[in-house]
Amino acid sequence: MCGVAVLGFGIYLMVNFKLSALTPSLASFTIANILLITGIIITCVSFLGFLGALKENRCLLLTFFLLLFLLMLVELTAACLLLIYEKDIATLVENDLNNGLEEAKKREANSTDLMSDWDLVQDTFTCCGVKNVSDWGQHIPKSCCLNKCDKAAPPYKDKGCLVKIKNFFEENFLTTGISVIVLCIIEVLGMCFAMTLFCHISKTGLGYKL
């Protein structure tokens, strides 16, 4: 169920929030894509463990155990890399946001009435541009206005989206950390269950042999 929930949320984000224009060179590493891939992997691994327990198949249980172990190693490695290369990643994201903003300014003439990627982010985080409103130059979008753009010189949002997004992740750092710890605990419990059942089947002589 957890894998299906993550998969469904990833599909929802992919359909409704196409934010790949913000970071052109990191378009394949959006939150929606990561959640989609993670959901598929968790669902497949969970089904493998369920099938192994249902059929009392030692081969499936051992495969389930090894895959869970590898998943946990990948998660811990990714968390460590994010902490070690935090400044490098921040610089990369900032440069990519600047490139995405430049691309958005070039495409502004062909934009539709639908909310663009930048409009969505600027409305959600109450920000404007990467660092401030000056990033847009003479092509300031309506989503940068603090209230309504019905004046000759309307007040604009004073903070850039880079700072706002960074503050958002810092504020939710504890929640993210707890979620990762809980996920690792669930994976460890799953591995313990699989190995316990594997040993029980081996002792009783049930199930398929390797």
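On a predicted model such as this, the values are computed, not experimentally measured, just so you know.

(A) Broad picture of the overall build of the protein. Counting its secondary structure elements, the protein contains seven helices and zero strands. Counting from the amino terminus, the protein carries its helices and strands in the arrangement α-α-α-α-α-α-α. In the protein, once contacts between residues fewer than 6 apart in sequence are set aside, the share between residues at least 24 apart is 66%. Per element, the accessible surface of the protein, about 14,200 Å² overall, is 68% carbon and sulfur.

(B) Just the packing of aromatic side chains, in detail. This structure, assessed with the given rule, holds two aromatic pairs. Ring geometry for Trp118 versus Trp136: centroids 5.8 Å apart, planes at 85 degrees, classification edge-to-face. Linking Trp118 in helix H5 (residues 117-125) with Trp136 in the loop between H5 and helix H6 (161-171), this pair joins segments that are 18 residues apart in sequence. On the basis of relative accessibility, which here comes to 5%, the residue Trp136 falls in the buried class. Between the aromatic rings of Phe125 and Phe168, the centroid separation amounts to 5.6 Å while the plane-to-plane angle is 80 degrees, which identifies the pairing as edge-to-face. Here Phe125 is found in helix H5, whereas its partner Phe168 is found in helix H6, with 43 residues between them in sequence. Among the residues examined, Phe125 registers a relative accessible area of 22% and is labelled partly exposed. A relative accessible area of 38% means that Phe168 is categorised as partly exposed.

(C) Focus on the environment of Asp135. Positionally, Asp135 belongs in the loop between H5 and H6. Separated by 34 residues in the primary sequence, Asp135 and Leu101 have C-alpha atoms spaced 8.0 Å apart. If we ignore the near neighbours within four places in the chain, the residues touching Asp135 are Leu101, Lys105, Gly129 and Val130. Polar contacts involving the side chain of Asp135 include one to the main-chain amide nitrogen of Lys131, which spans 2.6 Å.

(D) Examining the confidence of the model for the protein more closely. Overall, the predicted model of the protein reaches an average pLDDT of 78, with 80% of residues at or above 70. The weakest mean pLDDT in the protein belongs to helix H1 (residues 2-16) at 68; the strongest belongs to helix H3 (residues 58-84) at 86.

(E) Representation of the packing of H3 against helix H7 (residues 173-204). Two numbers describe how H3 lies on H7: the axes approach to 9 Å, and their chain directions differ by 160 degrees. As far as their axial angle goes, H7 and H3 are roughly antiparallel. Relative to H7, the crossing made by H3 is left-handed. For the contact of H3 with H7, the per-class residue count stands at 20 nonpolar, two polar and three charged.

(F) Structural view of the packing of H5 against H6. Where H5 contacts H6, the axes come no closer than 10 Å and their chain directions differ by 60 degrees. Looking at the two axes, H5 sits oblique to H6. Judged by the twist between their axes, the crossing of H5 over H6 is left-handed. Touching Trp118, Val121, Gln122 and Phe125 of H5 are Cys161, Lys164, Ile165 and Phe168, all from H6. Here the contact of H5 with H6 is built from residues that sort into six nonpolar, one polar and one charged.

Thresholds, definitions, all that
- Residues numbered from 1 in each chain as written.
- Predicted model: local features only at pLDDT ≥ 70, side-chain atom pairs only at ≥ 80, totals over all residues.
- Heavy atoms only, no water.
- Helix = DSSP H or I, 4+ residues; strand = E, 2+ residues; numbered from the N terminus.
- Contact = heavy atoms within 4.5 Å.
- Areas by Shrake-Rupley, 256 points an atom, 1.4 Å probe, with all protein chains shown as cover.
- Phe/Tyr/Trp six-rings, centres within 6.5 Å; stacked < 30°, edge-to-face > 60°.
- Buried < 20%, exposed > 50% of the residue type's maximum accessible area, 1.4 Å probe, protein only.
- Polar contact = N/O pair within 3.5 Å; in protein donor to acceptor, adjacent residues only side chain to side chain.
- pLDDT = per-residue confidence, 0-100.
- Axes fitted to C-alpha atoms, helices over the stretch in contact; angles between N-to-C directions.
- Parallel < 35°, antiparallel > 145°, perpendicular 65-115°, else oblique.
- Left-handed = near helix turned anticlockwise from the far one by under 90°.
- Nonpolar A, V, L, I, M, F, W, Y, C, P; charged D, E, K, R; others polar.

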